[in-house]
Amino acid sequence: MKFDIVALGELLIDFTPKTVPGEDETYFQKNAGGAPANVLAALARQGKRTAFIGKVGADSFGSFLASVLEDSGVSTSGLVYSDTASTTLAFVELNSDGDRSFTFYRKPGADMMLEQSEVNLDIIANAAIFHFGSLSMTHEPARSATFAALAHAKEQGKLISYDPNLRLPLWPDEATACTQILAAMPYADVVKVSEEELLFLTGSQDLATGAKQLKERFGLSLLCVTLGEKGCYYQAGAYTGHVPAFSVQAIDTTGAGDAFMGGLLSRLLDYGARPSGLSDQELQDIIRHGTASGSLATTKRGGIPAMPSKAEVAALLVNSGQSDGST
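Residues numbered from 1 in each chain as written. Predicted model: local features only at pLDDT ≥ 70, side-chain atom pairs only at ≥ 80, totals over all residues. Heavy atoms only, no water.

The name that an unreviewed UniProt entry assigns to the chain is Carbohydrate kinase, with the source organism given as Paenibacillus oenotherae. If you open the UniProt record of the chain and go to Sequence similarities (unreviewed entry), you find "Belongs to the carbohydrate kinase PfkB family." (UniProt positions renumbered as here; feature names shortened; annotations may be inferred.)

Laid out in structure tokens, this is it:
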């Protein structure tokens, strides 16, 4: 089967706080999450054919996650189960602005235990884009499995997209995190980082300088720096620019960056899946779709449940006067 995009990485349970009206206690709602899985769910809801490669525990949480992926239109043909490690759990805490912090239960989590031999290379060979993050590189054996998949994707001439998605508590130390995240950068064509991640990886306080350093050092085709409510800064070839965010009522920013990536890659696929050769106007259109998708994700709680549909993205673009009529 042919896929538009396949992603490798973590698939986990996000426990998101929920307050019941009339009660003083806060409850935690179980939601499917994990950055690469969120990206695939966003793409599937925007009409793309997607597949996931990763590992969950042979437990009720793992079964729940598999069913959520399937219900979201994501193929689980690359999903494997661990008999020795449990599905990773993450408890999300939200502040008054909807910004979140995470506490992970992953010592070890099944996602860390993905073996190189368990990676279905045929799925990668049958996809246009290979997407990954950095959390599959925090520990062995998943680190070696990730790099093996990257090497195969590169050999197959696939477009490779990368979201480092820095979560320092999951790394042994900051130096290891920086070294491993940058070690994967030469494989990537399209990269999304947050402003904080750009500073961490380059040490530059200046947005344009840090972005140029990262883009030119690794020969990236498209680098996007997400700026939260300020939108997205980008560099691609000779083009540099900024796309503003959309005004929405944010309640939970969990998965917003993943929704951005899903929207961006979905629109990039519409243009043929290669940033090179695109005009600045076309690049802005691609990033605008990502920004709209990311903005919409903040209006709902959770990761995968918050990923917007193609119709929702199109409606936001039209209502904001930023649609070119081709969405």
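Read on for the rest.
Visitor: Can you tell me about the packing of aromatic side chains, naming the residues and giving the values?
Guide: Counted by the stated rule, this structure contains 7 aromatic pairs. Measuring from ring centre to ring centre gives 6.1 Å for phenylalanine 15 and phenylalanine 61, while their planes differ by 80 degrees; the resulting arrangement is edge-to-face. Here phenylalanine 61 lies in helix α2 (residues 60-71) and phenylalanine 15 lies in strand β2 (residues 12-19), a separation of 46 residues in the sequence. Take phenylalanine 15: its relative accessible area is 12%, and that puts it in the buried class. Looking at phenylalanine 61, the relative accessible area reads 25%, which means it is partly exposed. Ring geometry for phenylalanine 15 and phenylalanine 91: centres 4.8 Å apart, planes at 20 degrees, overall stacked. Of this pair, phenylalanine 15 sits in strand β2 while phenylalanine 91 sits in strand β6 (residues 89-94); the two residues are 76 residues apart in sequence, bridging distant segments of the chain. We classify phenylalanine 91 as partly exposed; its relative accessible area is 26%. Put simply, the rings of Phe15, Phe28, Phe61, Phe91 and Tyr105 pair up and form one aromatic cluster. (Phe/Tyr/Trp six-rings, centres within 6.5 Å; stacked < 30°, edge-to-face > 60°. Helix = DSSP H or I, 4+ residues; strand = E, 2+ residues; numbered from the N terminus. Buried < 20%, exposed > 50% of the residue type's maximum accessible area, 1.4 Å probe, protein only.)

Visitor: So what's going on with the side chain of histidine 131? Which residues, and what values?
Guide: Summarising the element assignment, histidine 131 is placed in strand β8 (residues 127-133). Under the relative-accessibility criterion, histidine 131 is labelled buried at 2%. Of note is the side chain of histidine 131, whose polar atom sits 2.7 Å from the side chain of serine 161. Not counting residues up to four positions away in its chain, the partners in contact with histidine 131 are Ile5, Val6, Ala7, Leu8, Pro36, Val39, Ser161, Tyr162, Asp163, Met261 and Leu265. (Polar contact = N/O pair within 3.5 Å; in protein donor to acceptor, adjacent residues only side chain to side chain. Contact = heavy atoms within 4.5 Å.)

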